[in-house]
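Results of the structural survey
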Amino acid sequence: MERAVPFRYEGDTFWLLDQRKLPFEEVWVPCRTAAEAAAGIRDMVVRGAPAIGVTAAYGMVLAHLSGEDHAEADRVLRQSRPTAVNLFYALDRMKPHWGRLEATLSEARAVWDEVEQTEQAISRHGAAVLKGQVLTHCNTGPLATGGYGTALGAIVEAYRQGRVTHVWVDETRPYLQGARLTAYELHKAGVPATLITDNMAAYLMGKGQVDAVILGTDRMATNGDFANKIGTYGLAVLCHYHGIPFYPALPLSSVDPRLSSGKDIPIEERSALEVTTVRGVAIAPEGFPAAHPAFDVTPHHLITGIVTEHGVLYPPFDESLPQALARSAGRQASVADGR
Ligand code: MRU
């Protein structure tokens, strides 16, 4: 499968593929300081939880190379977007290496490598629970991660295995990650797919044309409540009503071990202009008020299974998730010890 790549590192520059311009133009934006990497995250040049984490990690490499104050660079990166926990996970990993270029570089590379490795496993485990026609929301492919993708990785793998036959792609108002990015990636991968507006899902489910919903996660609490792109909660409720399996797919680095429920997940509020305009064209009376929460929180009891690199976890999630986190920590400690 041809895979899109959201960034590359060359010399003293971290290049970001400008996702705001896809699929119409391929423009690469250079970042030479942590402040520029933070602006790339804040302005959505790069987006998607794992990709934001990798960009932040390389942001700290840039801080070293450009001589920025590390504490200030870390602070600016932490303020770039609030919801995806991968940003904070990556910056926490970089902290012990501040001031040592080789160690900083190798940790940033390790954060990126981990994305690739976990997503290979997520794709395999996710594919095993999918069949027939699946529906997905937002964008969770290589552009959102720098690896194979989470939910979209599983969908593509399931198609390759002949399990999934067709994908419904939610356009994902208002930022249109589904229409612009997921449609682009599925087309590149050669997977049969149809774009729908977000309000068509119930109709298709009612007609028996959706066998499962699988999508990504920006931050999950240890009880399984999770934040993902606005519209996710509505899909979960629809699945519950129609008896359709509903799966979030994520690396365990998207679990926030400090949160025992979803009520404390910070939800990003974005500009009303992104709701009242589409690609610069007004679709509402000028100045009309519009709300724009960029994420919502889905309660864990609406989840069928959580697809992770450690397999698919089932309820009770407040037991299966902490167990998977402990297994993952054990495995990382053995790798670090060379065992
Ligand atoms: O606002 P975005 O485009 O960064 O939101 C992305 C999502 O909501 C994805 O579903 C999530 O980050 C998972 S990406 C594998």
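Residues numbered from 1 in each chain as written. Predicted model: local features only at pLDDT ≥ 70, side-chain atom pairs only at ≥ 80, totals over all residues. Heavy atoms only, no water.

1. Side note on the pairing of strand 2 (residues 13-17)
- The element strand 2 is extensively covered by neighbouring structure, given that five of its five residues are classed as buried.
- Covered by surrounding structure in strand 2 are T13, W15 and L17 together with F14 and L16, the residues of both alternating faces.
- Relative to strand 2, strand 1 (residues 7-10) runs antiparallel, the two sharing four bridges. When the sheet's bridge partners are listed, E10 is paired in strand 2 with T13.
- Taken together, strand 1 and the strand that follows it, strand 2, pair antiparallel across an intervening segment of two residues, in which G11 is found at a positive phi of about 60°.
- Bridging between strand 2 and strand 3 (residues 28-31) involves four bridges; their strand directions are antiparallel. In the strand pairing of strand 3, L16 is matched with V29. (Buried < 20%, exposed > 50% of the residue type's maximum accessible area, 1.4 Å probe, protein only. Helix = DSSP H or I, 4+ residues; strand = E, 2+ residues; numbered from the N terminus. Pairing = 2+ DSSP bridges.)

2. Quick look at the domain arrangement of the protein chain
- What the domain assignment lists for the protein chain is domain 1 (7-119) and domain 2 (121-337).
- Each of domain 1 and domain 2 has a C-alpha centre, and the two are 22 Å apart.
- Between domain 1 and domain 2, the residue contacts involve 32 residues of the former and 38 residues of the latter.
- Between domain 1 and domain 2 the total buried area reaches about 2,800 Å² when both faces are included, carbon and sulfur atoms providing 51% of it.
- At the junction of domain 1 and domain 2, the tally comes to one salt bridge.
- Measuring nitrogen to oxygen at the nearest pair gives 2.7 Å for the salt bridge that ties E268 to R81.
- Applying the counting rule to domain 1 against domain 2 returns 23 residue pairs in polar contact (both at pLDDT 80 or more).
- At the level of elements, helix 2 (49-66), helix 4 (86-94) and helix 5 (101-129) are the ones that each hand at least two residues to the side of domain 1 that touches domain 2.
- The element contributing the most residues to the side of domain 1 that touches domain 2 is helix 5, with seven residues. (Domains from an automatic or database assignment. Contact = heavy atoms within 4.5 Å. Buried area = accessible area lost by both parts, 1.4 Å probe. Salt bridge = Lys/Arg side-chain N within 4 Å of Asp/Glu carboxyl O. Polar contact = N/O pair within 3.5 Å; in protein donor to acceptor, adjacent residues only side chain to side chain.)

3. What about the sheet that holds strand 5 (residues 164-170)?
- Strand order in this open sheet of five strands is 6-5-4-7-10, and the pairing throughout is parallel. The open sheet has two free edges, formed respectively by strand 6 (193-196) and strand 10 (246-248), since each of these has just one partner strand. Across this sheet, the average inter-strand angle for adjacent strands is 25°, counted without regard to direction.
- The sheet contact formed by strand 4 (residues 132-136) and strand 5 spans five bridges and is parallel. Its bridge partner being in strand 5, V134 is matched across the sheet by V167.
- Helix-sheet contacts for helix 10 (residues 232-242) involve strand 4, strand 5, strand 7 (212-215) and strand 10, and the interaxial angle to strand 10 is about 150°. (Axes fitted to C-alpha atoms, helices over the stretch in contact; angles between N-to-C directions.)

4. With respect to the nonpolar core
- Judged by nonpolar contacts, the single largest core of 33 residues is most densely connected at F7, F14, V54 and L77.
- Ignoring sequence-local partners within four residues, the contact set of L77 consists of A34, A37, A38, I41, A56, G59, M60, L87 and L91.
- Core analysis: the second largest hydrophobic core is formed by 26 residues, L250, V255, I303 and L321 among them. (Core = buried A, V, L, I, M, F, W, Y, C linked by side-chain atoms within 4.5 Å.)

5. Some details on the sheet that holds strand 13 (residues 295-298)
- If you walk across this open sheet you meet the three strands as 8-9-13, and the pairing is antiparallel. The sheet is open, and its two borders are formed by strand 8 (219-220) and strand 13, each paired with just one other strand.
- Pairing of strand 9 (residues 226-229) with strand 13, which is carried by four bridges, proceeds in the antiparallel orientation. Within the sheet, the bridge partner assigned to F226 lies in strand 13 and is T298.
- Set on the sheet, helix 10 makes contact with strand 9 and strand 13; between it and strand 13 the angle comes to about 35°.

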